[in-house]
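Each chain is listed here by its residues.
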Number of protein chains: 2
Amino acid sequence: MPLLETIQAYLEEQRARVEEELERLLPPAGEYPPSIHRAMRYSIFAGGKRLRPILCLESGKLFGGDERNLRRLGCALEMIHTYSLIHDDLPALDDDDLRRGMPTSHRQFGEATAILAGDALLTLAFETLAAPQSSQDEDRHPSDALPAAAAKDSDRGSGAEDSHLRVIHELARAIGTRGGMVAGQVVDLESTGKETDAVTLQFIHSAKTGAFIRAAVRSGAIAAEATEADIERVTGYGEKIGLAFQIADDLLDVLGSRQALGKAVGKDGNQQKATYPALHGVEQSQRIAAGLVREACEILEPYGSRALRLQEIAHFLLARRS
Amino acid sequence: MPLLETIQAYLEEQRARVEEELERLLPPAGEYPPSIHRAMRYSIFAGGKRLRPILCLESGKLFGGDERNLRRLGCALEMIHTYSLIHDDLPALDDDDLRRGMPTSHRQFGEATAILAGDALLTLAFETLAAPQSSQDEDRHPSDALPAAAAKDSDRGSGAEDSHLRVIHELARAIGTRGGMVAGQVVDLESTGKETDAVTLQFIHSAKTGAFIRAAVRSGAIAAEATEADIERVTGYGEKIGLAFQIADDLLDVLGSRQALGKAVGKDGNQQKATYPALHGVEQSQRIAAGLVREACEILEPYGSRALRLQEIAHFLLARRS
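Residues numbered from 1 in each chain as written. Chains lettered and ligands numbered in written order. Predicted model: local features only at pLDDT ≥ 70, side-chain atom pairs only at ≥ 80, totals over all residues. Heavy atoms only, no water.

Student: What should I look at first to understand the side chain of Ser84 of chain A in this one?
Tutor: Residue and element names in this part refer to chain A. Following the sequence through the fold, Ser84 ends up in helix 4 (residues 67-89). Assessed through its relative accessible area of 9%, Ser84 is described here as buried. Looking at Ser84, its side chain comes within polar contact range of the main-chain oxygen of His81, at 2.7 Å. (Helix = DSSP H or I, 4+ residues; strand = E, 2+ residues; numbered from the N terminus. Buried < 20%, exposed > 50% of the residue type's maximum accessible area, 1.4 Å probe, protein only. Polar contact = N/O pair within 3.5 Å; in protein donor to acceptor, adjacent residues only side chain to side chain.)

Student: For this particular structure, what's the right way to read the pattern of salt bridges?
Tutor: A side chain with one charge may pair with a side chain of the opposite charge, provided their charged atoms come close. Residue and element names in this part refer to chain A. For the structure shown, the criterion picks out 42 salt bridges over all chains. A salt bridge links Glu228 to Arg166; the nearest nitrogen and oxygen atoms lie 2.8 Å apart. Pair noted here: Glu228 is in helix 12 (residues 228-255) and Arg166 is in helix 9 (residues 158-174), with a separation of 62 residues, a long-range link. On the basis of relative accessible area, Glu228 is assigned to the partly exposed category, the value being 46%. Taking relative accessible area as the criterion, Arg166 reaches 31% and is therefore assigned partly exposed. With a shortest N-O distance of 2.5 Å, Arg218 and Glu170 are connected by a salt bridge. Taken together, the residues Arg218 in helix 11 (residues 198-223) and Glu170 in helix 9 connect sequence positions 48 residues apart. Of the two residues, Arg218 and Glu170, both sit in the buried class. When salt bridges that share partners are traced, they join Glu12, Arg15, Glu19, Arg50 and Glu78 into one network. (Salt bridge = Lys/Arg side-chain N within 4 Å of Asp/Glu carboxyl O.)

Student: Hey, could you run me through the relation of the copies chain B and chain A in this one?
Tutor: Comparison of the two chain copies shows a relationship of rotation about an axis with a shift along it. Superposing chain B onto chain A requires a rotation of 180° together with a translation of 0.0 Å along the rotation axis, leaving an RMSD of 0.0 Å. With respect to symmetry, the two chain copies, as superposed, fit the operation of a two-fold axis. When you check the interface residues of chain B against chain A, 100% turn up at the interface there too, and the contact is symmetric in its surfaces. (Least-squares fit on C-alpha atoms with pLDDT ≥ 70 in both. Contact = heavy atoms within 4.5 Å.)

Student: I would appreciate a short explanation of the interface of chain B and chain A in the present structure.
Tutor: Interfaces are often described in size by the accessible area the parts lose on coming together. The interface is formed by 49 residues belonging to chain B together with 50 residues belonging to chain A. In total, about 4,300 Å² of surface goes out of reach between chain B and chain A, with carbon and sulfur atoms giving 68% of it. Connecting chain B to chain A are four salt bridges. Note that Glu127 of chain A is salt-bridged to Arg173 of chain B, the shortest N-O span being 3.4 Å. The tally of links between chain B and chain A comes to 10 residue pairs in polar contact (both at pLDDT 80 or more). Put simply, the parts of the chain that give the side of chain B that touches chain A at least two residues each are helix 2 (34-44), helix 4 (67-89), helix 6 (111-130), helix 9 (158-174) and helix 10 (181-191) of chain B. (Buried area = accessible area lost by both parts, 1.4 Å probe.)

Student: Explain the packing of aromatic side chains to me, please; I cannot follow it from the model alone.
Tutor: Pairs of aromatic rings are described using the distance from one ring centre to the other and the angle between the two planes. Applying the stated criterion across every chain yields a total of seven aromatic pairs over all chains. When the centroid spacing of 4.3 Å and the interplanar angle of 10° are considered together, the rings of Phe126 of chain A and Phe126 of chain B count as stacked. A residue pair is termed interchain when its members come from two chains, as with Phe126 of chain A in helix 6 (residues 111-130) and Phe126 of chain B in helix 6. For Phe126 of chain B, a relative accessible area of 0% translates into the label buried. The interplanar angle of 75° and the centroid separation of 4.8 Å between the aromatic rings of Phe203 of chain A and Tyr32 of chain B together place this pair among those described as edge-to-face. Placement of the pair is Phe203 of chain A in helix 11 and Tyr32 of chain B in the loop between helix 1 (4-25) and helix 2, with the two residues belonging to separate chains. The aromatic ring of Tyr10 of chain A is capped on one face by Arg309 of chain A, whose charged end is 3.6 Å from the ring centroid. (Phe/Tyr/Trp six-rings, centres within 6.5 Å; stacked < 30°, edge-to-face > 60°. Lys NZ or Arg CZ within 6 Å of the ring centre and 35° of its normal.)

Student: For this particular structure, what's the right way to read the nonpolar core?
Tutor: Across soluble globular proteins, nonpolar side chains have a tendency to be buried as a group. In terms of nonpolar packing, the biggest core is built from 168 residues, with Met79 and Tyr237 of chain A together with Met79 and Tyr237 of chain B touching the most fellow members. Excluding anything up to four places from it in sequence, Met79 of chain A contacts Leu22, Leu25, Leu26, Ile44, Leu121, Leu124, Ala125 and Thr128 of chain A. (Core = buried A, V, L, I, M, F, W, Y, C linked by side-chain atoms within 4.5 Å.)

Student: Any chance you could explain unusual backbone geometry here in plain terms?
Tutor: One can expect most non-glycine residues to show negative phi and most peptide bonds to be in trans. In this structure, the amide linkage connecting Tyr32 of chain A to the following residue, Pro33 of chain A, adopts the cis form with an omega of -5°. Phi angles above zero are rare outside glycine, and Glu225 of chain B is one such case at about 55°.

Given below as structure tokens:
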């Protein structure tokens, strides 16, 4: 297993760069009407690890994608992720008061603003995905140095247009009702307080978290115009780490401390939510997750050392403490 | 003024065709998980007039756009419109029990499902906008006869790709927080129960309803690859009828019957919501709306009889009784 310290420092550096880009893409807090922009920024800058953007970025870099484009795509992923957290926390859904140690959006701004802030972040994600490069460049702070690789994008042909549309389609499906994020949330809500079988649990994890992590990895490769064979390969990686990530989350809920998670620990268990530890026990769940990470890393072996970052991230997902 | 009966029959025919396409684009009610698909269909097929899709279609046809593509784009507009109605009706926002004479989504399915059904329709709209033609064709019922004009689309070049991305960007901006639909809803909520000045009222109307109607008209022209000058011209038309439409809505709320609207009449007045009649009086509001429709029609005069449908629709918006 690679050194955790090294990958943590790298992830921290990437996280900071994603946040710089998010800072540029989100409307200023003072822009009219300020209440909604404050609420969007509050949740976006609440201390996320930016794992989905970083997965997208590393997947795209594996196939020679332009870093700046990939980072912008990653920011759209983070907007979608944040929208889903805001809406999941609402009183009518999971009814959570805390998220990453801070009051949830509806506790901070009221339910109406929280609903609209989620809607607005989902919408801004698609606006970002479809934005022309030139208008985004105009929005940039003049002191921004453009990376040299950006030149590749400025004369993007119909291939790039095609891949833009394909990425939008891919992401929309991954967060929709046909095996996507909304489907997972629906089934999760409907199974709360009931006995959940292994098939249903697998569906919830795959739809609610897995599909979007898979799409994060795939969209990076698609944006980099990777071959279909390469896209398929990273899809396998994305599916395995997506499930491992969710099992690790379930385990953190059982084993972690309230401090590390910033939310009430054991809540899922109290609510009789479907989780891996509840169904398989803690040790067996740990074994399953470790096996998935190993398999995910093996899938990338044909890429040799170029895939090292993605392999390190897979290990990190399992080892993280929050 | 053109014969209302003629345009009504035409709108009815177009409405039916839009609904046929929506029937194909929405997941079947029985598809897993069924609760969300039932809720999406309940609100989508609740008897809307489909004015936004028809405006998009007629605008695109003016510039030689392919009817089938335009109708699919129109369906995405209708999904977005329906998402906005479901979320606006929620207890935390307008708290409405009835919409078009039927229980609102949260009254029918509960708040959690209503929030997710809105999210899912917004997401499905972008999925539809970015979908490749071929995969949509595969989803079609085999008995579907493809219109002859569809051939134009099958070999769409980079121009069509570009216009697809531009349409997505255009629509996302129109429903976002920078002068778009969410901004309008935020300011509307914040001004409820307060004295509202004319500038704020104008902003609410322009952002909450106007921006999206404008985008419906513009997106049709963009999808048809109209020239920038033509897009600008129909933009003027869209802005004027958007405002006229909202004033007519306000007037219906004051003057209409509960039966015709399918919701509580005078509700906006009771809640001290910002409306044109409240600020300018009924007669002056009627004069303003009629003036806007006249100006909208004049803008289209250079197109001669080709623009007749759009002109008739403008008149219809004012004369409608629900």
